[in-house]
Structures are given as structure tokens and as C-alpha cells.
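This is what each chain is made of:
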Amino acid sequence: QVQLVESGGGLVQAGGSLRLSCIASGRTFTYYAVGWFRQAPGKEREFVVAISWSGGTTAYADSVKGRFTISRDNAKNTVYLQMNSLKPEDTAIYFCAASRSGILTTKSPAYNYWGQGTQVTVSS
């Protein structure tokens, strides 16, 4: 079993930056793929970015390409999401998720473990 805890959310002005962290406990998730998803009020959860177990492959939603960067430190059981040039439309609860398959995927049903989420609010 893997427990995921997100942190780093908050309130920021448009154009600002935040760095989210997703820390895993319970067992190592070195060989797990990890994704970030977000859900805005009244909207469905959507894929943001994902990283393979090795960190060698990443995938980004078009809406965040060039602004967000995912990375991982397996020694620390942590995945990071650096978010730059934030826009009001980035406002959402951000969830990290881990997939036992280790294979990068943008599909939420493929992820076995989910965190509770961290709120990101971008003011205009």
C-alpha cells in the first residue's frame, strides 16, 4: 500500500509560481509512474502531467506545456511539480497519483493510489 500526500499549494497572483510536492510513504514507489491531475469547481478531473518510474519519460497536457515541469527524486520518494506563469484557469485542487505499472499514462483509471489533493488558487 502507498500513501500519497501533496503539499505546496496556495494562493498566488497570475504570472507567479508554485512548487507542489507529492511524498509517498508505506512502501517505495520507485517503480511506479506518477501523475498529477486537477479538478476545478464544477469540472471533471483532468490530466495535467505524468512521469515514468525512471523519470526518463514525461507527458504534459497542452494547457500546461512550457509552464509546468514534473520531476522526481526516488531516493526521497518524492515527485515535484514546478508551476510557472500561472493563470487563473490553473485554479483547481491538484492530486498526485501513482500507478503500479510504472508505465506513463494520462488515464486516471490506470492509477492505483491517490492523494487527498492540495488547493491551488491563482488570482487575476
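Not measured: the values here are computed from a predicted model. (Residues numbered from 1 in each chain as written. Predicted model: local features only at pLDDT ≥ 70, side-chain atom pairs only at ≥ 80, totals over all residues. Heavy atoms only, no water.)

> Before we go on, may I ask you to explain the overall build of the protein chain in this structure?
Per the secondary structure count, the protein chain includes zero helices and eleven strands. Along its sequence from the N terminus, the protein chain presents helices and strands in the succession β-β-β-β-β-β-β-β-β-β-β. The C-alpha radius of gyration computed for the protein chain amounts to 13 Å, which stays within 12% of the reference 14 Å derived for 124 residues, consistent with globular compactness. In terms of overall dimensions, the protein chain has a C-alpha envelope of 40 × 25 × 25 Å along the principal axes. Across the 124 residues that make up the protein chain, the buried fraction comes to 45%. Sequence separation of 24 or more characterises 59% of the internal contacts of the protein chain that already satisfy a separation of 6 or more. Averaging the coordinates of the 12 positive side-chain charges in the protein chain and doing the same for the 7 negative ones gives two points 6 Å apart. (Helix = DSSP H or I, 4+ residues; strand = E, 2+ residues; numbered from the N terminus. Rg over C-alpha atoms; globule rule 2.2 N^0.38 Å. Buried < 20%, exposed > 50% of the residue type's maximum accessible area, 1.4 Å probe, protein only. Contact = heavy atoms within 4.5 Å. Lys, Arg positive; Asp, Glu negative; His and termini not counted. Charge placed at Lys NZ, Arg CZ, Asp CG, Glu CD.)

> Teacher, can you tell me more about the sheet that holds strand β3 (residues 18–25) here?
One key point about sheets: their strands pair by backbone hydrogen bonds, in either a parallel or an antiparallel sense. With respect to topology, four strands assemble into an open sheet ordered β1-β3-β8-β7, the strand pairing being antiparallel. Looking along the sheet, the strands with just one partner apiece sit at the ends: β1 (3–7) and β7 (68–73). Neighbour-to-neighbour, the strand axes of the sheet open up by a mean angle of 15 degrees, direction not taken into account. Note: β7 against strand β8 (residues 78–83), six bridges, orientation antiparallel. By the bridge assignment for β8, Ser71 is matched with Tyr80. (Pairing = 2+ DSSP bridges. Axes fitted to C-alpha atoms, helices over the stretch in contact; angles between N-to-C directions.)

> Just checking my understanding: could you explain the nonpolar core for this structure?
Soluble globular proteins tend to pack their nonpolar side chains together in the buried interior. Core analysis: the biggest nonpolar cluster contains 36 residues, and Leu4, Trp36, Met83 and Tyr94 have the highest contact counts within it. In this structure Leu4 touches Cys22, Ile23, Ala24, Phe29, Cys96, Ala97, Ala98, Tyr113, Trp114, Gly115 and Gln116, once residues within four positions along its chain are discounted. (Core = buried A, V, L, I, M, F, W, Y, C linked by side-chain atoms within 4.5 Å.)

> Sorry, what's going on with the pattern of salt bridges here?
Pairing between side chains of opposite charge can happen when the charged atoms of each approach one another. Tallied over the entire structure, the rule returns four salt bridges. We note a salt bridge from Arg38 to Glu46, for which the minimum N-O separation is 2.6 Å. Under the relative-accessibility criterion, Arg38 is labelled buried at 5%. Of the residues examined, Glu46 reaches a relative accessible area of 36% and is grouped as partly exposed. We note a salt bridge from Asp62 to Lys65, for which the minimum N-O separation is 3.1 Å. In this structure Asp62 comes out as exposed when scored by relative accessible area, which is 66%. Overlapping salt bridges, with partners in common, bring together Arg38, Glu46, Arg67 and Asp90 in one network. (Salt bridge = Lys/Arg side-chain N within 4 Å of Asp/Glu carboxyl O.)

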